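Observations on the three-dimensional arrangement
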Amino acid sequence: MHKRFALKLVAACALSLGATGAFSQDVIKIANIVELSGGGATAGTNFKNGVELAVKEINASGGILGKKIQTTTADTQSNPGVAKGLTQKAIDDNVFAIFGPVFSGSIMVSMAESRRAEVPNFTGGEAASITEQGNPYVFRTSFTQATAMPKVARYISDQAKLKSIAVIYVNNDFGKGGLDSIKKALANSPTKVLAEISTEPGQVDFSAAVLRAKQSNADGVFAYSNEEESARLLRELRKQGWNKPIIGETTLTGQKVIELAGEAANGAVAHVGLTVDAPQPAIRAFRAKFEKEYKYVSDHNGMKGYSGIYVLKAAIEKVGKLDRKAVAATLHTLKVKAADQPGVLMDVSFDSKGDLDRESFMVEVKNGKQEVVAIVPALGAASPAAKK
């Protein structure tokens, strides 16, 4: 009996040492599991580059708690099943945290693995359902649709004063979540949704979708799709002579969309959680560093990856040790000021679900560039939005 108990005790101690000693190594392993090919390539590549730029800076300044960060990158191919397998592989490699996937459909599948292994998982996905499942290990680097859409709805009803809109959305978790969120946000407003027009991921021809929007006689269109599809939609809207407001969320006016759509992007208005054209000094510094490193202008996804690494850094430093469970718990109540940690870009706070709150922006594309036309306060801020 005593011998059996002693053996069990030894085994338990060995397991305990394995768990706590896993991060006594000299590096902090972080896995980039992102879309580098397929429909999410633009988003995933920017996100990855933002992560790697932050890691390069942090390592150059001594690391986190004196330990350097080591990253690995894997391509989900914009496929949820592949994302799940890569997440499990990263867990087997004993990573401290996972960044990605960016696409909502992929993180919805893969986060079950990081949750089971109790590994903090940061995502740029915006679908409201990501953080509504009570997963204590998933954290956003972007607004949830439930946070962003009320801001867009207020703009549509109160500033653009549209009495009706047609919604053109992509038929995936991201798009359907956006449709549900904007309808809910507009439910008690003067603006009515006259048409719900579904399009497919990777769709090339948007002529039928635009024709349906025109036939609805709506006062404007709300466009909610991925980057490449948004550019094609903008070109088709202009081709068919659409001259009414085109309003959307972050992806509609992203840098890649502007490049692909050309002049067709001019006039598009969107609420964005992050933009490299914001007037904040920390954001302008990020833009310059990113452009110097990668020879192109980052979009919001690059900012999400970059700021996410600095959020993780702040959480680890607050805990004071490499403890994944403690870091995840700390993230749920974390508030970080850009004055203390410039890499977070703007003051940010997290709630009990892993959703973040911070300032955001309304932008309009003018002469091929985003122009910030208003700063929208964080939901927790009492002051009204400050006009630029």
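How each quantity is defined
Numbers given for residues are sequential positions, taken from 1 along each chain in its written order. Whole-chain, interface and lining totals are the exception, using all residues; otherwise, since this is a predicted model, local features are given only for residues with pLDDT of at least 70 and side-chain atom pairs are given and counted only at 80 or more. Side-chain measures here rest on the full set of heavy atoms in the structure, leaving out hydrogens and waters. Axes, fitted as lines to C-alpha atoms, cover a helix only where it is in contact. Angles between the N-to-C directions of the axes lie from 0 to 180 degrees. Note on conventions: DSSP H or I runs of at least 4 residues are helices, E runs of at least 2 residues are strands, and numbering of each starts at the N terminus. Angular relationships are summarised with four words: roughly parallel below 35 degrees, roughly antiparallel beyond 145, roughly perpendicular across 65 to 115, and oblique for the angles in between. The contact criterion used throughout is that any non-hydrogen atoms of two residues lie within 4.5 Å. Burial status follows relative accessibility: with a 1.4 Å probe on protein chains alone, a residue under 20% of its type maximum counts as buried, one over 50% as exposed, and anything between as partly exposed. Pairing between two strands is assigned when DSSP locates at least 2 bridges connecting them. Call a crossover right-handed when, viewed with both strands pointing away from you, the route from the first strand across the helix to the second goes clockwise. To estimate how far a helix should extend, the number of its residues minus one is multiplied by 1.5 Å. By construction, the arc corresponds to the directions joining the helix axis to the C-beta atoms. What qualifies as a polar contact is a pair of N or O atoms within 3.5 Å, subject to a donor-acceptor requirement within protein and to the restriction that residues adjacent in sequence count only when both atoms come from side chains. Crossing handedness is read from the near helix: turned anticlockwise from the far helix by less than a right angle, it gives a left-handed crossing, and turned clockwise, a right-handed one. Here the term charged refers only to Asp, Glu, Lys and Arg, the term nonpolar to Ala, Val, Leu, Ile, Met, Phe, Trp, Tyr, Cys and Pro, and the term polar to all other amino acids, Gly among them.

With that settled, the discussion passes to the packing of helix 10 (residues 281-294) against helix 11 (residues 300-319). The geometry of helix 10 relative to helix 11 is characterised by a closest axis approach of 11 Å and an angle of 105 degrees between their N-to-C directions. One way to sum up the angle between helix 10 and helix 11 is to call them roughly perpendicular. Along the contact surface, helix 10 presents I283, F286, K289 and F290, while helix 11 presents G302, M303 and Y306.

Before going further, it helps to examine the pairing of strand 6 (residues 164-170). When you tally the buried positions in strand 6, you get seven out of seven residues, the bulk of the element. In this structure, strand 6 lies alongside strand 7 (residues 192-199), joined through seven bridges in parallel fashion. Each bridged residue has a counterpart across the sheet, and for S164 the counterpart in strand 7 is K192. Tracing the backbone out of strand 6, into helix 6 (residues 173-186) and back to the parallel element strand 7 gives a crossover that is right-handed. Summarising the sheet, strand 6 and strand 8 (residues 220-224) pair through five bridges and their orientation is parallel. Paired with V167 across the bridge in strand 8 is F222.

In this model, helix 3 (residues 80-92) (13 residues) spans 19 Å end to end at C-alpha, consistent with the 18 Å of a helix rising 1.5 Å per residue. Where helix 3 is concerned, the buried positions are A83, L86, T87, A90 and I91. Projected down its long axis, helix 3 carries its buried residues within an arc of 145 degrees, all on one side. Exposed residues lying more than 90 degrees from the buried face of helix 3 are K89 and D92. At its buried positions, helix 3 is contacted by strand 1 (27-34), strand 2 (68-75), strand 3 (97-99) and helix 4 (104-116). Where helix 3 begins, the capping side chain belongs to N79, and its oxygen is found 2.8 Å from the backbone nitrogen of G81. Count one or two residues on from helix 3 and you reach N94, which has phi positive near 60 degrees.

One open sheet holds the five strands; their spatial order is 2-1-3-4-5, and the pairing between them is parallel. One side of each edge strand has no neighbouring strand; the edge strands of this open sheet are strand 2 and strand 5 (138-140). For this sheet, the mean inter-axis angle between neighbouring strands, taken without regard to orientation, is 25 degrees. As paired elements, strand 4 (residues 121-123) and strand 5 share three bridges and run parallel to each other. If you follow F122 over to strand 5, its bridge partner there is F139. Strands in contact with helix 2 (residues 41-60) are strand 1, strand 2, strand 3 and strand 4; relative to strand 2, the strand with the most contacts, it is inclined by about 165 degrees.

Quick look at the sheet that holds strand 12 (residues 348-350) now. Taken in spatial order, the three strands line up as 11-12-13 in an open sheet, and their pairing is antiparallel. Because the sheet does not close on itself, it has two edges, and the strands there are strand 11 (335-336) and strand 13 (356-357). Bridging between strand 11 and strand 12 involves two bridges; their strand directions are antiparallel. In the strand pairing of strand 12, K335 is matched with S349.

A word on the environment of R140. Along the chain, R140 falls in strand 5. Residue classification places R140 among the buried residues on the basis of a relative accessible area of 0%. Sequence separation between R140 and L322 is 182 residues; the distance between their C-alpha atoms is 21 Å. When near neighbours in sequence (up to four residues on either side) are disregarded, R140 contacts T123, G125, E126, A127, A128, I130, T131, F350, G354, D355 and L356. For R140, the side chain forms a polar contact with the main-chain oxygen of A128, separated by 3.4 Å.

We now examine the packing of helix 2 against helix 11. At a minimum axis separation of 6 Å, helix 2 and helix 11 run at an interaxial angle of 40 degrees. Of the possible angle classes, the one that applies to helix 2 and helix 11 is oblique. You can see that helix 2 and helix 11 cross each other, and the crossing is right-handed. In this structure, helix 2 contributes A43, N46, F47, G50, V51, L53, A54, V55, E57 and I58 to the contact, and helix 11 contributes N301, G302, K304, G305, Y306, I309, Y310 and K313. Of the residues in the contact of helix 2 with helix 11, the class split is 10 nonpolar, five polar and three charged.

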